[in-house]
Amino acid sequence: QVQLVESGGGLVQAGGSLRLSCAASERTFGSYIMGWFRQAPGKEREFVAAIRWTDSSTYYADSVKGRFTISRDNAKNTVYLQMNSLKPEDTAVYYCARRTYHRITYSPEDFGSWGQGTQVTVSS
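Conventions adopted
- Residues numbered from 1 in each chain as written.
- Predicted model: local features only at pLDDT ≥ 70, side-chain atom pairs only at ≥ 80, totals over all residues.
- Heavy atoms only, no water.
- Salt bridge = Lys/Arg side-chain N within 4 Å of Asp/Glu carboxyl O.
- Helix = DSSP H or I, 4+ residues; strand = E, 2+ residues; numbered from the N terminus.
- Buried < 20%, exposed > 50% of the residue type's maximum accessible area, 1.4 Å probe, protein only.
- Pairing = 2+ DSSP bridges.
- Contact = heavy atoms within 4.5 Å.
- Core = buried A, V, L, I, M, F, W, Y, C linked by side-chain atoms within 4.5 Å.
- Polar contact = N/O pair within 3.5 Å; in protein donor to acceptor, adjacent residues only side chain to side chain.

## Thoughts on the pattern of salt bridges
- Following the criterion strictly, the structure yields six salt bridges and no others.
- When the shortest N-O distance is used, the salt bridge between Glu 26 and Arg 98 registers 3.2 Å. Note that Glu 26 is positioned in the loop between strand E3 (18–24) and strand E4 (33–39) and Arg 98 in strand E9 (residues 92–99), a separation of 72 residues in sequence.
- Across the salt bridge formed by Lys 65 and Asp 62, the nearest N and O atoms sit 3.1 Å from each other.
- With relative accessibility at 51%, the residue Lys 65 sits in the exposed group.
- In this structure, a network of salt bridges that share partners links the residues Arg 38, Glu 46, Arg 67 and Asp 90.

Laid out in structure tokens, this is it:
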């Protein structure tokens with residue numbers, strides 16, 4: 001079972017930036033999809049962004065499009081989430097997840113491996 005370890009969360013003022021990292025304990029293959037989800041208190045876990053490893057196709061939730069960028073580093077088995085122009089409503093625990101199938105999906109149930117999460121807090 002792969003281990004996913006997130007880092008980079010923290011407290012930032014509105015308008016600021018953070019970069020999250022997710023390191024996988026094993027190689028990520030071309031057909032896999034790596035995703036970022038978030039969960040705010042009292043809310044369901046929601047899709048944020050995803051990247052298909054084989055061709056670097058990227059997908060974003062409408063709420064973060066134009067502000068967040070997902071990318072990957074093959075050599076380091078790491079996926080990143082660059083978050084700019086952060087808003088208080090971006091406050092949540094952010095989770096990295098892996099799907100071992102090439103077809104994109106935005107449902108958390110379709111991702112089989114998860115990290116422990118990293119807290120992002122945006123103050124107004």
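## With respect to the pairing of E4
- Most of E4 sits out of view: six of its seven residues are buried.
- Of the strand pairs in this sheet, E4 and strand E5 (residues 46–52) are connected by six bridges, and their pairing is antiparallel. When the bridges of E5 are listed, Trp 36 appears paired with Ala 49.
- For E4 and E9, the ladder comprises seven bridges, and the chain directions are antiparallel. Paired with Met 34 across the bridge in E9 is Arg 98.

## Re the side chain of Arg 67
- Along the chain, Arg 67 turns up in the loop between strand E6 (58–60) and strand E7 (68–73).
- Sequence-distant contacts of Arg 67, defined by excluding residues within four places in its chain, comprise Gln 82, Met 83, Asn 84, Ser 85, Leu 86, Lys 87 and Asp 90.

## Overview of the nonpolar core
- Of all hydrophobic cores here, the largest spans 35 residues; its most connected members are Trp 36, Val 79, Leu 81, Met 83 and Tyr 94.
- Breaking this core down by element, the ones donating at least two residues are E3, E4, E5, E6, E7, strand E8 (78–83), E9 and strand E11 (118–123).
- Looking at which element gives the most residues to this core, the answer is E5, with five residues.
- Beyond its immediate stretch of four places on either side in the chain, Val 79 contacts Leu 20, Ser 21, Cys 22, Met 34, Trp 36, Ile 51, Trp 53, Ile 70, Ser 71, Arg 72 and Cys 96.

## A short note on the environment of Glu 26
- We classify Glu 26 as partly exposed; its relative accessible area is 33%.
- Residues in contact with Glu 26, not counting those within four places in the same chain, are Val 2, Asn 77 and Arg 98.
- Reaching out from Glu 26, the side chain makes a polar contact with the side chain of Arg 98 at a distance of 3.2 Å.

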